Amino acid sequence: MTTKIYIPRDSSALSVGAEKVATAVAAEAKKRGLDVEIIRNGSRGLYWLETMVEVSTPDGRVAYGPVKVKDVPSLFDADFVNAKPHALHLGLTEEIDWIKKQQRLTFARVGVTDPVSLDDYIAHDGYNGLKNALKLTGAEIVKTVTDSGLRGRGGAAFPTGIKWNTVLGCESEQKYVVCNADEGDSGTYSDRMIMEGDPFVLIEGMTIAGVAVGATQGYIYLRSEYPHALVTLNQAIEAANKAGYLGDNVLGSGKAFHLEVRRAAGAYVCGEETSLLESLEGKRGLVRFKPPLPAIEGLFGKPTVVNNVISLASVPIILDKGAQFYADYGMGRSRGTLPIQLAGNLKHNGLVELAFGATLRELLYDFGGGSATGKPIRAVQVGGPLGAFLPESQFDTPLDYEEFTKIWAVLGHGGIVAFDDTVDMSKMARYAFEFCAVESCGKCTPCRIGSTRGVEVIDKIRSGKDHAKNIQLVRDLSDTMLNGSLCALGGMTPYPVLSALNHFPQDFGLPAETQAG
Amino acid sequence: MYIIVALYNCNDSRFGDISLPDSNTPQEDMNAVINRLITEHQHRPGALLPLLHAIQDSIGYVPEAAYPQISKALALSVAEVHGVVTFYHHFRTHKPGRNVMQICRAESCQAMGSEVLEAHAKKCMNIDYHQTTEDNAITLEAVYCLGNCALSPSVMMNDEIYGRVSPSDLDALIAEARA
C-alpha cells in the first residue's frame, strides 16, 4: 500500500530547507524500494518544528520535526514510514497541544490538504459555502455576512457585510471584487499561509463576494515579495476555471466570475485600499481622498469590494455553517476568530487561530513559550509597523478590537512581534519614522515631511541635544501626523513612536517614572 | 534614508532610440523583447504594472530607454511612466548583479538580530544597499518584510527565502552566489 508523506511547500518551511528534505525523502524511499507518495501541503503553522514531515496512518497523521536533510536516513532506519518512534517523533499531529488548543475555522484546511488539489479541497468541505450562496439572493448573502459579525481582518475592522451592502446597492454595468493581498506588516504572514496553503478558500470567498454584489471580475493584488504564493494561486485559479468554479457560468448558475492575480511592486502604502486601486489601474500608488468610498467609486471608477485575504477566506465557512455558527465565537463586538501570528523573539512562533478574547500573555507564554533568547520579554508590537508597543503591564489585555482601542493600541492584522530586554525603544521609535519616510506616497505633507523630521528629532533626543524641547517637539509632530495625515501610514506612525516614549521613557533619557501621556 | 530622488533630464539622448551600453543583451534583441511584451500586455486593464513586471522579469530591469515605447503604447506621457517605475521599490532602471540579495529590515527580523546581519553583509561584500559587488555577483537591497517573521531573521536571494539566517549562513549564500 502507498504511504502518503506530507512535506510543506509553504515558503517559511522552504526557508529552512523543506525542498531539500522533500528531495532527500523521495531519493531515500526510492533507494529502499518503498512505495510512498509525497504530498506538498501548506504549513500547519508550528514554524519552530519546520520542516515538519507527516506520514498518514489509519489513526491519523503522525508528525516528525524539525527534520533536516541529515535526519532523513535515520528516519527511514527507524521505519518512520510506518510511524515508528524516532527522536523527532511528535505523535499524532492533531493531538499536539499547540494545535489542539486552537479554534481553526479559516485555517481548517491549511497544512491538511494539498493546496492545489481541487478534489482534496472539495473532500474537506470546500465549495459548500458557494453552493449555499448560489441558492440565495445577493441581499441574503450580504445579510448572512453582516449577521456573522465579520469585520475586516486587514486591520481597519470595518464590518464586511456593510461594505458589501454598499456595493450591492450601487447600479453599475461593471463591479469589481479586489482582494488586498499586499500583506506588508512586519510580523504578519497569515495571508501568505492561506494563499500558499489553501488558495481555494480565498477563491471561493471572492466568488461568493462577486455573486453577492453582482461583480464579475476579481483581482488579487499580491505583494511581489511572495513568489511562491503567486505560483500556488495561479495553479489553483487554473484548476477552478477548468472545473467550472470560475468563469462565465459559475457552477451552471448563469453568473460569471473571473479572477486574476496582479503583482504589486514593493510599496507598503499600496496596502491602503485607495492606493492599491491606483496601483491596480497602473498608476503610482498615491492615496485617494475619501469620499468617494471605493465601494461606490473604486477600481476604474466602478463600485468595488476591497477586502483583505483573511476577511474573504472567512466567508466560505460562514456561508457553509451559517452566520450564527461564526458569531458564536468571540467577545463583545469582535465576533469569530482571529488568526494570530507570533513573530520576532519567541521560542515557538507560528499561526494561532483563536476566538477573540485570549490575552496577549497567553499567546506570548502559553503558545509562544517565552522569548527565544531566554531573556525577559520587554515589549511587544501588535498590528504591524503602525501598531503600538505594549509593555509587560498591558500583557493581560484581551485580543479584542475595542479593548485594544481603550489602551491606545490596535490589533491590526493580528501580528505580534516580541522583543527581549536588549531592545532600545528610542531606536524603534526612530525606525517607525524612518519606515514611514521610506514608504510615504508623498501626497500629504504631515506624512511626507513629518516622517523625515521625526527621524531627525529622535536623533537629537538620542544624542541629548535640547532634550526637553525635542521631547515636546516629537509629541507636537506626532499630533500633527495623527490628525493631519491622509491615510493610516502617516496617521498611525505616532502609535509606535508615542507608545515607545510613554511606556519606555528611560530609553529616551527620561526618568522611568515619567508616564506623561 | 533610502528614498531615491531620481533626477531626470528630458533632453537626455537615452530617451530617443534604445541604446544600452550597460547591457549584455544585443540592442535588437532587447527592442524586440520589449515590443513583444508591449503587444502582449497593452490591452489589459491597468496594463502598466503587469508590463513593467514582464519587462523586468525578462531582462532584469526596466531600461529608461524603453520609456518612449511604453508611453506611446499605453497613451501615457514619458513622465508618467518614469513616475510609476520610480515610485515602486521593486522596479529598477539599471541591470543588477547576477544575483539580488535582499535583507529584511523590519521589526520581527530586528528583534532577532538582523542589524548584525546587515552590517556583516555590507562588510563582507564591501558594498552598501542598492550597490553591486565588484565582481558583479551580488546586488544588495533592503526589504521590509518577507512574511517569514516566524523564522527571523530572513534573507531573500533572487526568488528563494532563507530563514533564521546567521552570519555564517550568509557567508555560504555569498560564496554560492560568487561561485
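Note that this is a predicted model, so its numbers are computed, not measured. (Residues numbered from 1 in each chain as written. Chains lettered and ligands numbered in written order. Predicted model: local features only at pLDDT ≥ 70, side-chain atom pairs only at ≥ 80, totals over all residues.)

(A) Quick look at the overall build of chain A. Check the secondary structure of chain A and you find 21 helices and 16 strands. Taken against the 2.2 N^0.38 rule, which gives 24 Å for 517 residues, the C-alpha radius of gyration of chain A at 24 Å falls within 12% of a compact globule. Referenced to the eigenvectors of the C-alpha coordinate spread, the extents of chain A come out at roughly 75 × 60 × 40 Å. Here chain A, with 517 residues, has 57% of them falling under the buried criterion. When contacts within chain A are restricted to residue pairs at least 6 apart in sequence, long-range pairs at least 24 apart make up 72% of them. (Helix = DSSP H or I, 4+ residues; strand = E, 2+ residues; numbered from the N terminus. Rg over C-alpha atoms; globule rule 2.2 N^0.38 Å. Buried ≥ 20, exposed ≤ 12 C-beta atoms within 10 Å, placed from the backbone. Contact = placed C-beta atoms within 7 Å.)

(B) Structural detail: the overall build of chain B. Within chain B, the regular secondary structure consists of 7 helices and 5 strands. Overall, chain B shows an N-to-C arrangement of helices and strands of α-α-α-α-β-α-α-β-β-β-β-α. Excluding contacts between residues fewer than 6 apart, the proportion of contacts in chain B whose partners are at least 24 apart in sequence is 60%.

(C) Layout of unusual backbone geometry. Following A:Gly65, the chain continues into A:Pro66 via a peptide bond in cis, with omega recorded as -5°. Of note, A:Pro66 is situated in the loop between strand E4 (60-64) and helix H3 (72-77). For the bond from A:Pro291 to A:Pro292, the omega torsion is 5°, close enough to zero to count as cis. Looking at the element boundaries, A:Pro292 is found in the loop between helix H12 (273-280) and strand E9 (304-308). The residue A:Asp466 is not glycine, and still its phi comes out positive at about 40°. Tracing the sequence through the fold places A:Asp466 in the loop between helix H18 (445-463) and helix H19 (467-484). A count of 13 C-beta atoms within 10 Å places A:Asp466 in the partly exposed class. Here the phi dihedral of B:Arg164 falls at roughly 45°; this positive angle occurs in a residue that is not glycine. Counting through the fold element by element, B:Arg164 comes out in the loop between strand E5 (160-162) and helix H7 (167-178).

(D) Representation of the interface of chain B and chain A. Taken together, the contact between chain B and chain A spans 38 residues of the former and 47 residues of the latter. Those elements giving two or more residues to the side of chain B that touches chain A turn out to be helix H2 (48-59), helix H4 (78-87), helix H5 (107-111) and E5 of chain B. In terms of residues, the side of chain B that touches chain A owes the most to one element, H2(B), which gives 4 residues. For the side of chain B that touches chain A, the class distribution of residues is 24 nonpolar, 11 polar and 3 charged. (Nonpolar A, V, L, I, M, F, W, Y, C, P; charged D, E, K, R; others polar.)

(E) How the structure looks around the domain arrangement of chain A. As far as domains go, chain A holds domain 1 (3-95), domain 2 (118-327), domain 3 (330-420) and domain 4 (425-508). A straight line from the C-alpha centre of domain 1 of chain A to that of domain 4 of chain A covers 47 Å. (Domains from an automatic or database assignment.)

(F) Up close: the sheet that holds strand E1 (residues 99-104) of chain B. Residue and element names in this part refer to chain B. Within the open sheet, the 5 strands sit side by side as E2-E3-E1-E4-E5. Their pairing is mixed. At either end of the open sheet lies a strand with only one pairing partner, and these are strand E2 (131-132) and E5. Pairing of E2 with strand E3 (residues 138-143) involves 2 bridges; the strand directions are antiparallel. When the sheet's bridge partners are listed, Thr132 is paired in E3 with Thr139. Of the strands in this sheet, E1 and E3 touch helix H6 (residues 114-125), which is tilted by about 150° from E1. Along the sheet, H7 makes contact with E1, E3, strand E4 (155-157) and E5, crossing E4 at roughly 10°. (Pairing = 2+ DSSP bridges. Axes fitted to C-alpha atoms, helices over the stretch in contact; angles between N-to-C directions.)

(G) Looking closely at the sheet that holds strand E5 (residues 89-92) of chain A. Residue and element names in this part refer to chain A. Pairing is mixed in the open sheet, where 5 strands are placed in the order E2-E1-E3-E4-E5. Edge positions in the sheet fall to strand E2 (36-39) and E5, since each of these pairs with one other strand and no more. Each strand axis lies, on average, 25° off the axis of its neighbour in the sheet, ignoring direction. As paired elements, strand E3 (residues 53-57) and E4 share 5 bridges and run antiparallel to each other.

(H) Molecular detail of the packing of helix H9 (residues 190-197) of chain A against helix H11 (residues 227-242) of chain A. Residue and element names in this part refer to chain A. At a closest axis distance of 8 Å, the pairing of H9 and H11 adopts a crossing angle of 40°. With respect to H11, the element H9 is oriented oblique. Relative to H11, the crossing made by H9 is left-handed. Contacts between H9 and H11 involve Arg192, Met195 and Glu196 from the former and His228, Ala229, Thr232 and Leu233 from the latter. Here the residues of the contact of H9 with H11 sort into 3 nonpolar, 2 polar and 2 charged. (Parallel < 35°, antiparallel > 145°, perpendicular 65-115°, else oblique. Left-handed = near helix turned anticlockwise from the far one by under 90°.)

(I) Main features of the nonpolar core. Among the nonpolar cores identified, the biggest contains 210 residues, and A:Val178, A:Leu202, A:Ala209, A:Ala212, A:Tyr221, A:Val305 and A:Val380 are the most heavily contacted of them. Those residues in contact with A:Val178 that sit more than four places away from it in its chain are A:Tyr219, A:Tyr221, A:Leu280, A:Leu299, A:Thr304, A:Val305 and A:Val306. (Core = buried A, V, L, I, M, F, W, Y, C linked by C-beta atoms within 7 Å.)

(J) Structural view of the packing of H9(A) against helix H13 (residues 309-321) of chain A. Residue and element names in this part refer to chain A. Two numbers describe how H9 lies on H13: the axes approach to 9 Å, and their chain directions differ by 50°. Taken as axis vectors, H9 and H13 run oblique relative to one another. As H9 packs across H13, the resulting crossing turns out to be left-handed. Where H9 abuts H13, its residues Ser190, Asp191, Ile194 and Met195 lie against Val309, Ile310 and Ala313. Across the contact of H9 with H13, the residue classes tally to 5 nonpolar, 1 polar and 1 charged.

(K) Up close: helix H21 (residues 494-503) of chain A. Residue and element names in this part refer to chain A. Here H21 lies mainly inside the structure; 8 of its 10 residues are buried. Within H21, burial applies to Pro494, Tyr495, Pro496, Val497, Leu498, Ser499, Ala500 and Leu501. Structurally, H21 contributes buried residues whose contacts are with strand E14 (377-382), strand E15 (389-391), helix H17 (425-439), H18, H19 and helix H20 (488-492).

(L) Summary view of the confidence of the model for chain B. Chain-level pLDDT for chain B is 88 on average; 84% of the residues reach the 70-or-more range. Of the regions scoring below 50 in pLDDT, residues 1-23 of chain B engages in 31 contacts with residues more than four places distant in sequence or in other chains. (pLDDT = per-residue confidence, 0-100.)

(M) Structural context of the environment of B:Pro167. Residue and element names in this part refer to chain B. Here Pro167 shows up in helix H7. Put simply, Pro167 and Ile138 are 29 residues apart on the chain and 16 Å apart in space, counted from C-alpha to C-alpha. Apart from residues lying up to four places away in sequence, Pro167 is in contact with Val116, Leu117 and His120.

(N) The arrangement of the pairing of strand E7 (residues 217-222) of chain A in detail. All names here are of chain A. Burial analysis of E7 places 6 of its 6 residues in the buried class, the great majority of the element. Burial of E7 is two-sided: the residues Gln217, Tyr219 and Tyr221 facing one way and the residues Gly218, Ile220 and Leu222 facing the other way are all buried. Judged from the 6 bridges that link them, E7 and strand E8 (residues 258-263) form a sheet pairing that is parallel. Bridge pairing links Gly218 to Leu259 in E8. Crossover handedness for the path E7 to H11 to E8: right-handed. (Right-handed = clockwise from strand over helix to strand, strands pointing away.)

(O) How the structure looks around the environment of A:Asn470. All names here are of chain A. Secondary-structure assignment places Asn470 in helix H19. According to the C-beta neighbour criterion, Asn470 is buried, with 21 such atoms within 10 Å. A C-alpha to C-alpha distance of 9.7 Å links Asn470 and Asp459, two positions 11 residues apart in sequence. Those residues in contact with Asn470 that lie beyond four places of it in its chain are Val457, Lys460, Ile461 and Lys465.

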